[in-house]
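# Structural characterization, general
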Amino acid sequence: MIQFNQVYKRYPGGHEALRDLSFEITEGEMVYLTGHSGAGKSTLLKLIAAIERPTSGSVLVKGQNIRSIKREAIPALRRNIGLIFQDHKLLFDRSAFDNVMLPLQIGGFDHRESAKRARAALDKVGLLAREKANPISLSGGEQQRLCIARAIVNRPAILLADEPTGNLDSDYANEIMHIFKSFHQVGVTLILSTHDERVMQQFPSRALHLQQGELQGAAR
Amino acid sequence: MISNLIAHLRTLLATLQRLLHTPAASFLNITIIGIALSLPVGGYVLLKSLQQLGGGLSSTPQISLYLAADTSASEVARIGEKLKQHAAIEHIDFISRSDALQHLQQASGLADVTGGLNRNPLPDAYIVQPKLNDAMALESLRDELNNWPHLEQVQLDSAWAHRLQALIRFGRWTVVILAALLSFALVAITFNTIRLQILTRREEIEVTKLIGANDSFIRRPFLYFGFIQGLFGGIAAWMIVSASTLLLNLALDDLALLYSSHISLASLSLADSFTLLGFSAYLGWLGAWFSVSQHLWQIEPR
Ligand SMILES: Nc1ncnc2c1ncn2[C@@H]1O[C@H](COP(=O)(O)OP(=O)(O)O)[C@@H](O)[C@H]1O
Ligand SMILES: [Mg+2]
């Protein structure tokens, strides 16, 4: 499903964020991505979603090479990937419900069907009662869950979450991990970046450990 | 198909909401577009009125032939036959000297003066309608008729019509140039409005791109906005021109009463109105399209 081959990523300005990465993630797997701040976790996730392109090497996502993917092919790729951002990237000019509707509008789905799906997604993350609220009035944990609802409403095959439990206390973190676990159980491929040891002990799974842009140990 | 239509209607509704979201700015933009468009449209209305006025005065030139006073009746008839058979002449009207006198008395209210005359001073006349309309042909026909016997005066009275035609041609070019310049202004106004919108909605554009929106999805609301703003600008122009025409016609009615004739400004026909609205909406769309193609590619999520 996702395959990295000798991937290097150098940002303009010369900083090498990723160095010689090779690994594979199979369909339906759940993988942790760990490492200190600045290790390159976000960069790696951005490569999978074609937000950045590798400087050299190949990144294959569902058979498509991100290094050479055409601009026009990127939207279709992203519709297959649910993205959960560190900074949520919610839109504050519309309600929680409308935020979750956005991916469905992009996909061109029928409105009534979309509304049903959006409510189901909000229900799944426990925010159905807040559908009319502006995301700015939601707590950090609620915003995180709203971001998850938006990412899953399209039923993507791959879910990428960048430090989803980053600044949440452990109760919230557990709640969110349970949500992820349930997606894993229905066959979604999951990649979670985190440096939360408690979470990884409670929900054990394979981990890729990054250190200054390099993969540590025999994690492949 | 239906769901597609509904999606478009939704975008339309959202666009209207966005227009209403910044009422002052939208109102100003629409008014500026309306004023800009009303200048060439107003010019067009003036031209149309002039043309109608010119039509009433017969813009095709005539040649008046005045016969010498001592011409006999049979001689007058013979000249009429000759004129009818002339290849360059479409048709002729005969105005006898007594008809002419009567006409003069009725038309000018000079009955008192002419009644005092003991002899009719007017000549018999033929009014000739030539086949061709160009100045060269007219003048050569006039010169030829000048050489005929018994014709005292040959008068080509096309100068006035020609002047009007030239004026209308000049006016038409003025309107065309004005329309071209102000259309460009409309495109520029929309271009800038959309540029500002793209800047303020930068975050939204980035997020929708991250979620998998393609270019046409991102473009659509901006194109709609340009279209709608142009359409409303066109409606504003229509109202400005119609209201001005109405007001000026009231003033013209007074003027016309004084001169006991009827003159008024033409109004915009249904076809004119739809052309105006379609054109302004199209120009708005075009301005938005330019703006979007110029600015959207610069916004890539990082
Ligand atoms: N857009 C960018 N331009 C230049 N350098 C960047 C950019 N994004 C990240 N970096 C650098 O790349 C390295 C890895 O960053 P990142 O992938 O965000 O790490 P992490 O998510 O593990 O904290 C850091 O040193 C960061 O400063
Ligand atoms: Mg990061």
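Quantities reported herein were computed from a predicted structural model and do not represent experimental measurements. (Residues numbered from 1 in each chain as written. Chains lettered and ligands numbered in written order. Predicted model: local features only at pLDDT ≥ 70, side-chain atom pairs only at ≥ 80, totals over all residues. Heavy atoms only, no water.)

## A few points about the pattern of salt bridges
Stated formally: Basic side-chain nitrogens of Lys or Arg form a salt bridge, by our definition, when they fall within 4 Å of a carboxyl oxygen of Asp or Glu. Only DSSP runs of H or I covering at least 4 residues are called helices, and only runs of E covering at least 2 are called strands; the numbering of each starts at the N terminus. Think of it in three bands: with a 1.4 Å probe and only protein chains considered, a residue is buried below 20% of the maximum accessible area for its type, exposed above 50%, and partly exposed in between.
For the coordinates displayed, the defined rule picks out 20 salt bridges over all chains. The salt bridge partner of D272 of chain B is K48 of chain B, with a shortest N-O separation of 3.0 Å. Placement of the pair is D272 of chain B in helix α10 (residues 270–295) and K48 of chain B in helix α2 (residues 23–56), with a sequence separation of 224 residues. Assigned by exposure class, D272 of chain B and K48 of chain B land together as buried. Between E75 of chain B and R78 of chain B there is a salt bridge, with the nearest N and O atoms lying 3.1 Å from each other. With E75 of chain B and R78 of chain B both in helix α3 (residues 73–85) and 3 residues apart, this pair spans about one turn of that helix. On the accessibility criterion, E75 of chain B (19% relative accessible area) is buried. We classify R78 of chain B as partly exposed; its relative accessible area is 46%. Taken together, the salt bridges that share partners define one network made up of R10, E16, R19 and E214 of chain A.

## Here's the deal with the site of ligand 1
All names here are of chain A. Note the following rule: In this text, near means that some heavy atom of the residue lies within 4 Å of the molecule or strand in question. For this analysis, a polar contact is any N or O atom pair within 3.5 Å, provided that within protein one partner can donate a hydrogen and the other can accept it, and provided that sequence-adjacent residues contribute only side-chain to side-chain pairs. Areas reported as accessible are Shrake-Rupley estimates using a 1.4 Å probe. Residue values count occlusion only from the protein chains shown. Gly is placed with the polar residues, together with every amino acid not listed as nonpolar (Ala, Val, Leu, Ile, Met, Phe, Trp, Tyr, Cys and Pro) or charged (Asp, Glu, Lys and Arg).
Neighbouring residues of ligand 1: Y11, H15, A17, H36, S37, G38, A39, G40, K41, S42 and T43. Contact distances for ligand 1 include 3.0 Å between an oxygen atom and a side-chain N or O atom of H15. Here an oxygen atom of ligand 1 and a backbone polar atom of G38 are 2.7 Å apart. The protein chains hide 64% of the 550 Å² of surface that ligand 1 would expose on its own. For the shell around ligand 1, the element with the most residues is helix α1 (residues 41–48), which contributes 3 residues. Across the shell around ligand 1, the residue classes tally to 3 nonpolar, 7 polar and 1 charged.

## A few points about the interface of chain B and chain A
Interfaces are frequently sized by the accessible area removed from exposure as the parts join. To keep things clear, this is the line we draw: Whether two residues are in contact is decided by their heavy atoms: any pair within 4.5 Å suffices. Values labelled buried area give the accessible surface lost by two parts on being combined, using a 1.4 Å probe and summing over both.
In this assembly, 17 residues from chain B lie in contact with 21 residues from chain A. Both sides together, the interface formed by chain B and chain A hides about 1,800 Å², and carbon and sulfur atoms give 59% of it. Between chain B and chain A we count 2 salt bridges in total. Ionic pairing is found between R71 of chain A and D215 of chain B, a salt bridge with its closest N-O pair at 2.4 Å. Viewed at the interface, chain A and chain B are joined by 4 residue pairs in polar contact (both at pLDDT 80 or more). If you tally residues by element for the side of chain B that touches chain A, the top one is helix α8 (residues 202–211) of chain B, at 7 residues. Per-class residue counts for the side of chain B that touches chain A are 6 nonpolar, 4 polar and 7 charged.

## Digging into the nonpolar core
Inclusion rule: In this text, buried Ala, Val, Leu, Ile, Met, Phe, Trp, Tyr and Cys residues form a nonpolar core when linked through side-chain atoms within 4.5 Å. For the domains described, the bounds stem from an automatic or database domain assignment.
Ranked by internal contacts, the top residues of the largest apolar core, which has 71 residues, are F4, L44, I48, I148, L159, L160 and F180 of chain A. Viewed by domain, this core spans two of them, domain 1 (1–80 + 156–220) and domain 2 (90–154) of chain A, each represented by three or more residues. If sequence neighbours within four positions are ignored, L160 of chain A has contacts with L45, I48, A49, I81, G82, L83, I84 and I191 of chain A. L102 of chain A together with I30, F217 and L296 of chain B belong to the second largest nonpolar core, which has 22 residues in total.

## Section: the domain arrangement of chain A
Residues and elements named next belong to chain A. Its domain assignment divides chain A into domain 1 (1–80 + 156–220) and domain 2 (90–154). With centres defined by C-alpha atoms, the gap from domain 1 to domain 2 works out at 23 Å. Taken together, the contact pairs 13 residues of domain 1 with 13 residues of domain 2. Of the roughly 1,100 Å² buried where domain 1 meets domain 2, counting both sides, 69% is carbon and sulfur surface. We note a salt bridge from E175 to R145, for which the minimum N-O separation is 2.8 Å. Joining domain 1 to domain 2, the criterion identifies 2 residue pairs in polar contact (both at pLDDT 80 or more). Here the element with the most residues in the side of domain 1 that touches domain 2 is helix α6 (residues 170–185); it accounts for 7 residues.

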